[in-house]
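Notes for the structure review
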Amino acid sequence: MKRYIPLIFCMSAALFAHNDNKVLNIKKTDTAPVIDGIIDDCWELSETADDFFQLMPYFGNEPTNRTVARILTTQDALYCMIVCYDDDGRVQAYKGSLDNISGDHCSLMLDTFGNGRTAYKFGVSASGVRSDCRLIDDARNRDYTWDGIWFSGAKVYDWGFVVEMKIPYKSLQYNESLLSWGLDFDRYDAELKEDLYWCCYEESEGQRVSKFGKLYFNGFRPTIRGMHLELYPVGLVQAEQQEDGSKEVKPNAGLDVLYNPSPKLVFQGTVNPDFAQIEADPFEFNISRYETYFDERRPFFTEGNEIFMASGRQRNMGFYRPMELFYSRRIGRKLPDGSEVPLWAGAKTFGRAGAWEYGAFTAFTGEREYETDEETSVEERAVFGSARLKKQIMGNSSVGLLFVGKHTASGDNGVIDVDGAFRGSNWQLAYQIARSYRDDKGDFAGSAGFTMISDKAIVGVRSRVVGNNFDIDDVGFVPWRGTAELVGLAGPRWYFQDGYIRSILCYVGPILNYEKVDAFTDYGALFGFNMQFRTNWGFEINTDYGRSKELDVTYDAYSFSFSNWYNVNPRWNASFNGGYAKTYNFSRDYLADYLWLNGYFQWQVHRSFNIGTSAGIFAEGNPQGSIEEITYNSRPFISANPINNMNVRIYLDNLWFRSSGEVEQLIGGLLFSYNFSPKSWIYLAINELQYRPGETLKLRDRAAVFKLKYLYYM
């Protein structure tokens, strides 16, 4: 039996509550405030938002401390100030780097298209660390790859802290004909674990853009001045030492371009881009018959990539996930000998017009020879392309069309997809139907998922069917050819208004999975139990039992897994998960026991210094009932922020096998990064890989990369 069990760490649904009384009128000032966390006199012109609502940990209770938000505008920029009072003077202010906020913080959110579905979020910590993202799919998901040009300041006082922000209008996309934007503020009190919002939401749903308040312009209209052009020259020097002792220094340069011809459209381009990965992918233990999925880390592909994703993802619930038809790690991919396919240039555009969203992408890769089993192979030059069109319908639902393709001299591979999501007050039904092609051959695949979460119950159903000839290996990640699955679950949920326990959830359901290669439909049942506590920790247990077949072996399959997470103190957090399964081990080609345990821990030793580690233990049994192998992997790290937006990180990744009693692989790395100006960075990375071909560890690869990226903003 495969591991089908969903991990539901946090509930999210949508029971529509209205915030019509949440209204703020923007005031224009001729004297812009200084962005330093000191309250200037000009803020007295603005209206105040101070009736905040407690979402967690005690839903609907009065906040312990008062929060006051204000907004002003000049002709060119929007200004926001949030004053966070703390009667006990216990503000948690930790230094950090961009998008790495910890401790006390607060945020401003703006729905600049008034569609009730997408919004910008600007967050600042008490120490002045910035974080920004886009809320998408009615805040069911977050796009942290978005990086805006804006400015902030913060100052801690003995009575609390103050955050100020300046957001130039030309750094935003918006509908210039609107009389108002959607608006919300939030504040997180790290000591009390209080999550506060200006707008009111249902406990079971969390935040929703569709329930934002209103920011009225009252005759004022934002205007954009300048060329709306961002240029990012990139300078790069890479030094490498190989196993045979050879050394090479490779200077390089590239250019990234972002052009905003209107508030509704963005063009991005890159020439000779730097796609060197600063930090090695984390170790993933895999005994299944399918390849391992790795997240994309390269900025050109991550920025704005949500437009090319199928509808239906839910950030806080991993039960249903649409198929990954556009897997950007296929572009400029790593070859079997460790070399990379050169990427010459790329471009993409995306934007919005009314209820429509649209995007297009293209990339050009070069030819590369590589060695496999003492044979020389060639990766051909290729052109990759994608196009996306999506429309908002029926309020907060959507329907879309997606194309992804790759063209080489020897053939073509790609996929066409229709997908969408229907959303109600507390449910979502998502679907996708796709057709692949490889030259003149192809096949169909589809998936669907229904989730409903209320304050009393949960219901979920997901299914996926992949044709035997559905092949998108050059552009996407759908390795499950010739399979079909159906998983359902349902159960009660209890929420407690007061007390130590916040919520309890139980669910049961059936499992069906068909694989043509085995000519058998696996069947079984699952059970899960989830409990969450008001001190910011919780746990979940899952188990399943059924009948399975793998490679002519039919057997009783069962598994048990657990997970728990802890954030009870603002200075440390941890998570652990593990389990046991009777399953088929494809890496060893037999049926046996399998046990695993993973963990993560991070401790804020000082306001500018933290340490932590991730670790995993994987025990493979054999048919005789004894342990065949135990694999251990850990990744301890030290991270320091001498000043905000400057980070020094040192990590050590090691791989140990019981059979040898030795560390078989060691990866060490140092990364220095400094975001010295908006979208401008200095990087220095040093990485070394050692392996054990005999009695001692031996150098396989050592590399140092220096990178400078600077923004010219017009």
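Above this text you will find the structure in question.
Described below are features of the structure shown in this document.

Calculation criteria
Residues numbered from 1 in each chain as written. Predicted model: local features only at pLDDT ≥ 70, side-chain atom pairs only at ≥ 80, totals over all residues. Heavy atoms only, no water. Helix = DSSP H or I, 4+ residues; strand = E, 2+ residues; numbered from the N terminus. Rg over C-alpha atoms; globule rule 2.2 N^0.38 Å. Buried < 20%, exposed > 50% of the residue type's maximum accessible area, 1.4 Å probe, protein only. Contact = heavy atoms within 4.5 Å. Core = buried A, V, L, I, M, F, W, Y, C linked by side-chain atoms within 4.5 Å. Salt bridge = Lys/Arg side-chain N within 4 Å of Asp/Glu carboxyl O. Phe/Tyr/Trp six-rings, centres within 6.5 Å; stacked < 30°, edge-to-face > 60°. 1 Å grid on protein atoms, 1.4 Å probe; cavity = no way out; pocket = protein on both sides within 12 Å on 5 of 7 lines; lining within 4 Å. Points joined across faces, edges and corners; volume = space filled by probe spheres on them. Nonpolar A, V, L, I, M, F, W, Y, C, P; charged D, E, K, R; others polar. Patch = residues over 30% accessible without salt bridge, like charges linked within 9 Å, V, L, I, M, F, W, Y side chains within 5 Å. Areas by Shrake-Rupley, 256 points an atom, 1.4 Å probe, with all protein chains shown as cover. Lys, Arg positive; Asp, Glu negative; His and termini not counted. Charge placed at Lys NZ, Arg CZ, Asp CG, Glu CD. Polar contact = N/O pair within 3.5 Å; in protein donor to acceptor, adjacent residues only side chain to side chain. Pairing = 2+ DSSP bridges.

Moving on, we come to the overall build of the protein. Each helix and strand counted, the protein has one helix and 43 strands in total. In terms of overall dimensions, the protein is globule-like: its C-alpha atoms have a radius of gyration of 26 Å, near the 27 Å expected for 714 residues. With respect to the principal axes defined by its C-alpha atoms, the protein has extents near 75 × 60 × 55 Å. Expressed as a percentage of the 714 residues in the protein, the buried residues total 53%. Taking as baseline every contact in the protein between residues at least 6 positions apart, the subset at least 24 positions apart corresponds to 60%.

Let's shift gears to the nonpolar core. Counting 50 residues, the largest nonpolar core has I71, L78, L108, F122 and F185 as its most contacted members. With residues up to four places along the chain from it excluded, the contact list for L78 reads I26, I71, L72, T73, L108, L110, M165, K166, I167, Y169, W181 and L215. Ranked by size, the runner-up nonpolar core spans 33 residues in total, among them L343, F350, V466 and I472.

A few words on the pattern of salt bridges. Opposite charge on two side chains lets them pair, provided their charged atoms get close. Taken as a whole and assessed by the stated rule, the structure comprises 31 salt bridges. Between K582 and D593 there is a salt bridge; the shortest N-O distance is 3.9 Å. Placement of the pair is K582 in strand β34 (residues 572-585) and D593 in strand β35 (residues 590-606), with a sequence separation of 11 residues. In this structure, R702 and E688 form a salt bridge, with 2.6 Å as the shortest nitrogen-oxygen distance. Of this pair, R702 sits in strand β42 (residues 698-709) while E688 is found in strand β41 (residues 680-691), placing the two residues 14 residues apart along the sequence. Judged by its relative accessible area of 32%, R702 falls in the partly exposed class. Via salt bridges that share partners, R438, D471, D473, D474 and R481 belong to a single interconnected network.

Attention now moves to the packing of aromatic side chains. In the structure shown here, the tally under the stated rule is 45 aromatic pairs. Aromatic pair F477 and W480: ring centres 6.0 Å apart, planes at 85 degrees, arrangement edge-to-face. The burial state of F477 is the same as that of W480; both residues are buried. Consider the rings of F529 and F539, whose centres lie 6.0 Å apart with planes at 40 degrees: the pair is tilted. Residue F529 is located in strand β31 (residues 520-533), and its partner F539 is located in strand β32 (residues 537-550); the two are separated by 10 residues in the primary sequence. Judged by its relative accessible area of 22%, F539 is partly exposed.

Right, let's talk about empty space enclosed by the protein for a bit. Using the criterion set out here, one finds seven cavities of 30 Å³ or more in the structure. The space that makes up the second largest cavity amounts to roughly 370 Å³. In this structure, the second largest cavity is lined by 28 residues; those nearest its centre are W146, Q173, L258, V266 and F350. Secondary-structure elements contributing two or more residues to the lining of the second largest cavity are β17 (247-262), β18 (265-271) and β19 (343-353). For the lining of the second largest cavity, the element with the highest residue contribution is β19, accounting for three residues. Its residues placed into classes, the lining of the second largest cavity shows nine nonpolar, nine polar and 10 charged.

The grouping of D337, E367, E369 and E371 at the surface amounts to a negative patch. Examined against the element boundaries, E371 turns out to sit in strand β21 (residues 368-372).

Cis rather than trans, the peptide bond between M56 and P57 has omega equal to 5 degrees. As for its position among the elements, P57 is in the loop between β4 (53-56) and β5 (67-73). Even without being glycine, D552 reaches a positive phi, approximately 70 degrees. Following the sequence through the fold, D552 ends up in the loop between β32 and β33 (553-569).

Mapping Q207 onto the fold places it in the loop between β14 (194-197) and β15 (213-216). With a relative accessible area of 5%, Q207 lands in the buried category. Within the local environment of Q207, its side chain forms a polar contact with the side chain of D184, the two groups lying 3.2 Å apart.

All right, on to the pairing of strand β13 (residues 180-189) then. Burial of β13 is extensive: 10 of the 10 residues sit out of reach of the surface. The alternating pattern of β13 places S180, G182, D184, D186 and Y188 on one face and W181, L183, F185, R187 and D189 on the opposite face, and all of these are buried. Both strand β7 (residues 105-111) and β13 contribute to a ladder of seven bridges, which runs antiparallel. The partner of C106 across the bridge, within β13, is R187. The sheet contact formed by β13 and β15 spans four bridges and is antiparallel. Residue pairing across strands places L183 opposite G213, the latter belonging to β15. Of the strand pairs in this sheet, β13 and β14 are connected by four bridges, and their pairing is antiparallel.

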